[in-house]
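# Report on the structure
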Amino acid sequence: MNFDSLWTGGHLATMAAGGRGYGVIENGALGVKNGRIAWIGPAGKLPLGAAEGAAVVEDLAGGWVTPGLIDCHTHLVYAGNRAAEFEMRLKGASYPEIAAAGGGILSTVRSVRAAGSDELYMQSLPRLQAMRASGVTTLEVKSGYGLDVANEMKMLAVMQRLNAQTPVRVVPTFLGAHALPPEFEGRPDAYVDLVVNAMLPLVVKNGLAAAVDVFCETIGFTPEQTECIFQAAVSHGLPVKLHAEQLSDSKGAVLAARYRALSVDHLEYLNADDVPLLAAAACVAVLLPGAFYYLKESRKPPIDTLRNCGVPMAVSTDANPGTSPIFSIRIAMNMACVFFGLTPEEALAGVTCHAARALGLQDEIGTLAVNRAADFAVWDIASPAELAYHMGDSPLRYTVINGKRTA
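Residues numbered from 1 in each chain as written. Predicted model: local features only at pLDDT ≥ 70, side-chain atom pairs only at ≥ 80, totals over all residues. Heavy atoms only, no water.

A few words on the overall build of the protein. A tally of helices and strands in the protein yields 16 helices and 16 strands. Computed over C-alpha atoms, the radius of gyration of the protein comes to 21 Å, within 12% of the 22 Å expected from 2.2 N^0.38 for 407 residues, which places it in the range of a compact globule. The principal-axis extents of the C-alpha atoms in the protein amount to approximately 70 × 45 × 40 Å. The burial tally for the protein puts 57% of its 407 residues in the buried class. Taking the contacts inside the protein whose residues are at least 6 apart along the sequence as the reference set, 71% of them involve residues at least 24 apart. With the model as given, the accessible surface of the protein reaches about 15000 Å², and the carbon-plus-sulfur share is 53%. (Helix = DSSP H or I, 4+ residues; strand = E, 2+ residues; numbered from the N terminus. Rg over C-alpha atoms; globule rule 2.2 N^0.38 Å. Buried < 20%, exposed > 50% of the residue type's maximum accessible area, 1.4 Å probe, protein only. Contact = heavy atoms within 4.5 Å. Areas by Shrake-Rupley, 256 points an atom, 1.4 Å probe, with all protein chains shown as cover.)

Pasting the structure below:
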């Protein structure tokens, strides 16, 4: 068997059991052909002559290999920052109060609208590079800071450019219904019409997004408005996702389950009685401990119920300028363990196999298995638990994306 490249001499955390264990292969080997995993298993069972037939042989020298980490909920593309709002919150202002005063999402909207495409790209690129440094090989990015046709398309085009000009796989999500733009104040239904009848057809025509998301919340959009957008997305063949139950129990998760959403995200106010609906619909619960931390939230998602009902729990940074300016997926893993009670094993599943499922990419990435994309990270660690245990260290040796080693 001839490989383009072969990795030996290390340990593999395959995550191939769907989050039920690390799937460890000690003293393992991994062969890659045409950007995909062609063979994986104990080194002692390598096909005869495999090392001699490989174009490149890499000695892992006792390191660990995991699937490339996946950040499945971010708002990475934006301009400006909101450090002043961080200070306001620490002086007692609430998130809704800041939003009502013209801050919050609308502050970033003004900055994005004022920025050209090149500027928006150059401001976003360092954030993506920071995520790469924490082991991320796939990154979801949402629009939602343009809130008009031209600027939403501009954001999505920048995502395409990041995908084309960096090694990281960038998965774009259309979040036109992120907030109500000021020019539509008092006319939310009219804005929903714009999203459905003007923005979404352009997104579909130009292939700019892999999914559609909505902020269903007391300061966002109602379940009825959300369903209108969901219906349009489904009619165009796009899967849906949802910002749900972050600030209140708006029953957005129930709606999302009815539309078999890829994921429901945040969920601090999710009613435990609604969790079986998510399980039945195969929805992924995306936990965002960074926003929980920055907003000084005290109510936690119903982790035990999610766990007991078998709902996959992904973990993500929610990287955004206002409520979670975090660009390390490993910090999010640690927060998920400390704040929400996930085990390190669950946290790693949350940024690999479960995060892949939240993007509809579970057959492509998120596990180390034959025929999956050769996306993985090589670490200088003694055990996989260290990835959620430490903060501030840099154990990443390098990543491999589609079979190609990256810095």
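Here we take up the sheet that holds strand β6 (residues 69-71). Sheet architecture is open: 8 strands sit in the order β6-β7-β8-β9-β10-β11-β12-β13, paired in parallel fashion. Strand pairing shows two members of the sheet lacking a second neighbour, β6 and β13 (313-315), which therefore form its edges. With strand direction ignored, the average angle separating the axes of adjacent strands in the sheet is 25°. Both strand β12 (residues 284-287) and β13 contribute to a ladder of 3 bridges, which runs parallel. Bridging from a neighbouring strand, V286 pairs with A314 of β13. Strands β7 (136-142) and β8 (169-177) of the sheet are contacted by helix α6 (residues 149-165), whose axis makes an angle of about 170° with β8. (Pairing = 2+ DSSP bridges. Axes fitted to C-alpha atoms, helices over the stretch in contact; angles between N-to-C directions.)

Turning to helix α4 (residues 105-114), a few remarks are in order. Among the residues of α4, those classed as buried are I105, S107, T108, V109 and V112. Buried residues belonging to α4 abut α2 (83-90), α3 (95-100), α5 (117-133) and α6.

By size, the foremost hydrophobic cluster in this structure holds 95 residues, and its most contacted members are L162, F174 and L278. With 7 residues, helix α7 (residues 188-205) is the single largest residue contributor to this core. When residues no more than four places from it in sequence are discounted, the contact partners of L162 are L76, V77, Y121, S124, L125, L128, V168 and V170. Among the nonpolar cores identified, the runner-up in size contains 15 residues, and W7, V32, I37 and V400 belong to it. (Core = buried A, V, L, I, M, F, W, Y, C linked by side-chain atoms within 4.5 Å.)

Here the focus is the environment of G19. Within the element layout of this structure, G19 appears in the loop between β1 (5-13) and β2 (24-33). Judged by relative accessible area, G19 falls into the buried class, the value being 17%. Along the backbone, G19 and R397 are 378 residues apart, and their C-alpha atoms lie at a distance of 24 Å.

Attention now goes to the packing of aromatic side chains. For any pair of aromatic rings, geometry is given as the distance between the ring centres together with the angle between the planes. Taken as a whole, this structure holds 10 aromatic pairs when the rule is applied. Considering the side-chain rings of Y78 and Y145, the 6.4 Å spacing of their centres and the 80° angle between planes classify their relative orientation as edge-to-face. Taken together, the positions of Y78 in the loop between β6 and α2 and Y145 in the loop between β7 and α6 put the pair 67 residues apart, joining distant regions of the chain. Residues Y78 and Y145 agree in their burial class; the two are buried. (Phe/Tyr/Trp six-rings, centres within 6.5 Å; stacked < 30°, edge-to-face > 60°.)

This next bit is on the environment of V168. With respect to the helices and strands, the residue V168 is situated in the loop between α6 and β8. Residue classification places V168 among the buried residues on the basis of a relative accessible area of 2%. For the pair formed by V168 and V400, sequence separation is 232 residues and the distance between their alpha carbons is 9.9 Å.

The next point concerns the confidence of the model for the protein. Considering every residue of the protein, the mean pLDDT works out to 96; 100% of them sit at 70 or more. Within the protein, α3 has the poorest average pLDDT of any element, 76, and β6 the best, 99. (pLDDT = per-residue confidence, 0-100.)

With that settled, consider the pattern of salt bridges. Oppositely charged side chains may form a pair once their charged atoms are brought near each other. Evaluation of the coordinates by the stated rule reveals 18 salt bridges. For R161, the salt bridge is made with D118, and the minimal N-O distance between the two is 2.8 Å. One end of the pair, R161, is in helix α6; the other, D118, is in helix α5, and 43 residues separate them in sequence. Judged by its relative accessible area of 26%, R161 falls in the partly exposed class. The shortest N-O distance in the salt bridge between E346 and R307 comes to 2.8 Å. Taken together, the residues E346 in helix α14 (residues 344-350) and R307 in helix α12 (residues 303-308) connect sequence positions 39 residues apart. (Salt bridge = Lys/Arg side-chain N within 4 Å of Asp/Glu carboxyl O.)

Turning next to unusual backbone geometry. Although it is not a glycine, M15 sits at a positive phi angle of roughly 55°. The backbone of A61 sits at a positive phi, close to 50°, despite the residue not being glycine. Tracing the sequence through the fold places A61 in the loop between β4 (56-59) and β5 (64-67). Of the residues examined, A61 reaches a relative accessible area of 61% and is grouped as exposed.

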